[in-house]
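Descriptive structure summary
Below, each chain spelled out in residue letters.
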Amino acid sequence: MPIIVDAHADLAWNMLKYGRDYTRAAAETRRLEVGSQAVDENEDTLLGWPDYQRGQVAIVFSTLFASPFRWKTTANESQVYKTFDQAHRLYRDQLFTYHRLTDSQPDKFRLIRSASDLNLLLDQWRGVNPRSKNPSEDGHPVGLVVLMEGAEGIRELSELEEWHDLGLRVIGPAWVGTRYCGGWREPGPLTEDGRKLLSAMTDFNFILDLSHMDEPAALEALDRYEGPIVATHANCLSLVPGFASNRLFSDRLILEVIERDGVIGVIPYNSYLKAGWSVKKDRREEVTLVDLTNHIDHICQMAGDSLHAGIGSDFDGGFGVQSAPAGIDTIADLQNLVSLLSTRGYSDTDIENILSGNWISRLKRELPSS
Ligand SMILES: [Zn+2]
């Protein structure tokens, strides 16, 4: 079973907003959350440490994410901000949430700040006996790479050094539009602050995440940013005809990411796989992992190789089981991609690249060595 890297999960947001405990199995969390606000707003969880073990998910890009007050969806929402100071506090609290989790449960979760942290973690995972019947009993720590989604937690560029010291490694300037650039549902260009942010990010070799950036802003960033570039969670617009927002990537954008040797993580979210799909009116069975495989294949066909596609599940980031493709009960079921890709002629090496190798090679190259 190949290792999986999931390049996008809002773990801290779920922990702080809904009190989710990701050391538990997804099934256990679901039992405890029956009838709760968490399920009402964010559906049934797909994530938990035992599920990471069953699916051999070794690394998760774990976000710092809060939304501006104008996009809050419920009353009494804790993870929303009105001012940059409030954003800063929320993003900091989420980062310290990861510190507390990895300090208190180092057998289950580890912070990945450097290539040497990464190598140490991978050595542990590679010791796994693939024939072990129950790997969750003798599991391994899941590595967390910290990713800031929506950069408004950064008040001043002089803070970047401290953010880096505290373990932040990936920055996505947008969620909706931000002071730094136009984004999802709020289109617009890279702003002057955004240009300055990119220039300052270069000093620390932060990985730039283009996900959620409006296309003109993303294209300018591709031109301008001298550090590494990826898209942790984005699907292919050309495969979702009629899709009604700027959240997916055009072929032009995909090609430019490939040209910069980036990786694009595909999202197993039904609304991003079938235009107009809605949990309120459509059946889950209308979307399957075959649809997700189409997005992986599209990126590989454009690249002419298997070196630029990955997975960025976004599981629990506003949706759960009810809106994931049929056949997915927890993140462990992403392993079903292996047989689907194999049927399409992908070799074992290709499959390993897509499930984890592409993210791992970029992290090895771009993280500080120690
Ligand atoms: Zn997102």
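Refer to the preceding data block for the structure.
Here is a short report on the structure shown in this document. (Residues numbered from 1 in each chain as written. Predicted model: local features only at pLDDT ≥ 70, side-chain atom pairs only at ≥ 80, totals over all residues. Heavy atoms only, no water.)

1. A short note on the overall build of the protein chain
Quick note on the threshold: Secondary structure is summarised from DSSP: a helix means a run of H or I of at least four residues, a strand means a run of E of at least two, and numbering begins at the N terminus for each. The globule rule is 2.2 Å times the number of residues to the power 0.38, and the radius of gyration it is compared with is taken over C-alpha atoms. Should any heavy atoms of two residues lie within 4.5 Å, those residues are considered in contact. Residue exposure ignores everything except the shown protein chains as possible cover, and the areas themselves are Shrake-Rupley values with a 1.4 Å probe. The charge count includes Lys and Arg as positive and Asp and Glu as negative, but it does not include His or the ends of the chains. Note that the charge is assigned to NZ on lysines, CZ on arginines, CG on aspartates and CD on glutamates.
Looking only at helices and strands, the protein chain has 13 helices and 13 strands in total. Here the C-alpha atoms of the protein chain give a radius of gyration of 19 Å, agreeing with the 21 Å that 2.2 N^0.38 yields for 370 residues. Contacts in the protein chain between residues far apart in sequence, at least 24 positions, make up 74% of those at least 6 positions apart. For the protein chain, the exposed surface amounts to about 14200 Å²; the carbon and sulfur share of it is 48%. Taking the 37 positively charged and 54 negatively charged side chains of the protein chain as two groups, their mean positions are separated by 3 Å.

2. Quick look at unusual backbone geometry
Here Glu43, not a glycine, exhibits a phi torsion of approximately 65°, which is positive. Here Glu43 is to be found in the loop between helix 3 (37-42) and helix 4 (49-54).

3. Describing the packing of aromatic side chains
As a reminder, the rule being used: Whether two aromatic rings pair depends on their centres lying within 6.5 Å, for rings of Phe, Tyr and Trp, where Trp uses its six-membered ring; planes under 30 degrees apart make the pair stacked, over 60 edge-to-face, and the rest tilted. Partly exposed residues are those whose accessible area sits between 20% and 50% of the maximum for their type, while under 20% is buried and over 50% is exposed, using a 1.4 Å probe and protein chains only.
All told, the structure shown has 10 aromatic pairs when counted by the stated rule. Taking 4.8 Å as the distance between ring centres and 65° as the angle between the ring planes, the aromatic pair formed by Phe65 and Trp175 counts as edge-to-face. Highlighted residues: Phe65 in strand 2 (residues 57-65) and Trp175 in the loop between strand 7 (168-172) and strand 8 (181-183), separated in sequence by 110 residues. Phe65 sits in the buried class, given a relative accessible area of 6%. One aromatic cluster is present, built from ring pairs that chain together Trp13, Tyr18, Phe65, Trp175 and Trp184.

4. Concerning the nonpolar core
Rule in force here: Buried Ala, Val, Leu, Ile, Met, Phe, Trp, Tyr and Cys residues that are joined via side-chain atoms within 4.5 Å together make up what is termed a nonpolar core.
Counting residues in each nonpolar core, the largest one holds 120 residues, and the members touching the most others are Ile59, Phe61 and Leu210. In contact with Ile59, not counting residues within four places along its chain, are Ile4, Val5, Asp6, Leu118, Leu121, Leu122, Val142, Gly143, Val145 and Ile360.

5. Focus: the pattern of salt bridges
Quick reminder of the rule: One speaks of a salt bridge when a side-chain nitrogen belonging to Lys or Arg is within 4 Å of a carboxyl oxygen belonging to Asp or Glu.
For the structure shown, the criterion picks out 24 salt bridges. Ionic pairing is found between Arg70 and Glu186, a salt bridge with its closest N-O pair at 2.8 Å. One end of the pair, Arg70, is in the loop between strand 3 (67-68) and strand 4 (80-81); the other, Glu186, is in strand 9 (residues 186-190), with 116 residues separating them in the sequence. Residues Arg195 and Glu220 are paired through a salt bridge, measuring 2.5 Å at the closest nitrogen-oxygen approach. Taken together, the positions of Arg195 in helix 8 (residues 192-202) and Glu220 in helix 9 (residues 215-224) put the pair 25 residues apart, joining distant regions of the chain. Salt bridges linked by common partners bring Glu192, Arg195, Glu220 and Arg224 together as one network.

6. A short note on the coordination of the zinc ion
Rules: Nitrogen, oxygen and sulfur within 2.8 Å of a metal are treated as its donors, or within 3.2 Å for sodium, potassium and calcium (Na, K, Ca); water is not counted, so a site can appear incomplete.
Coordination sphere of the zinc ion, protein contribution only: Glu149 (OE), His212 (NE2) and His233 (NE2), at 2.1 to 2.2 Å. In terms of primary sequence, the donors binding the zinc ion are separated according to E-x62-H-x20-H. Here His233 lies in the loop between strand 11 (229-230) and helix 10 (251-259) and His212 lies in the loop between strand 10 (207-209) and helix 9, a separation of 21 residues in the sequence. Summarising the burial analysis for this pair, His212 and His233 share the class buried.

7. Comments concerning the environment of Ala151
Here Ala151 lies in the loop between strand 6 (142-149) and helix 7 (160-165). Distance in space between the C-alpha atoms of Ala151 and His88 is 9.3 Å, their sequence separation being 63 residues. With residues up to four places along the chain from it excluded, the contact list for Ala151 reads Ile171, Gly172, Pro173, Tyr180 and Leu197.

8. Some details on the packing of helix 9 against helix 10
Each packed pair of helices is defined by two parameters, the angle between the axes and the distance between the axes. Keep this limit in mind: A fitted line through C-alpha atoms represents every axis, and for helices the fit uses only the stretch in contact; the resulting angles, taken between N-to-C directions, go from 0 to 180 degrees. In what follows, roughly perpendicular refers to angles from 65 to 115 degrees, roughly parallel to angles under 35, roughly antiparallel to angles over 145, and oblique to any angle outside these ranges. Left-handed is the label given to a crossing in which the near helix is rotated counterclockwise from the far helix by less than a right angle, and right-handed is the label when the rotation is clockwise.
Where helix 9 meets helix 10, the axes come as close as 11 Å, and the angle between the chain directions of the two elements is 20°. In this view, helix 9 runs roughly parallel relative to helix 10, as classed from their interaxial angle. Remark: the crossing between helix 9 and helix 10 carries left-handed chirality. Facing Glu215, Ala218, Leu219 and Leu222 of helix 9, the residues of helix 10 in contact are Arg252, Leu253, Glu256 and Val257.

That is the geometry; function is a separate question.
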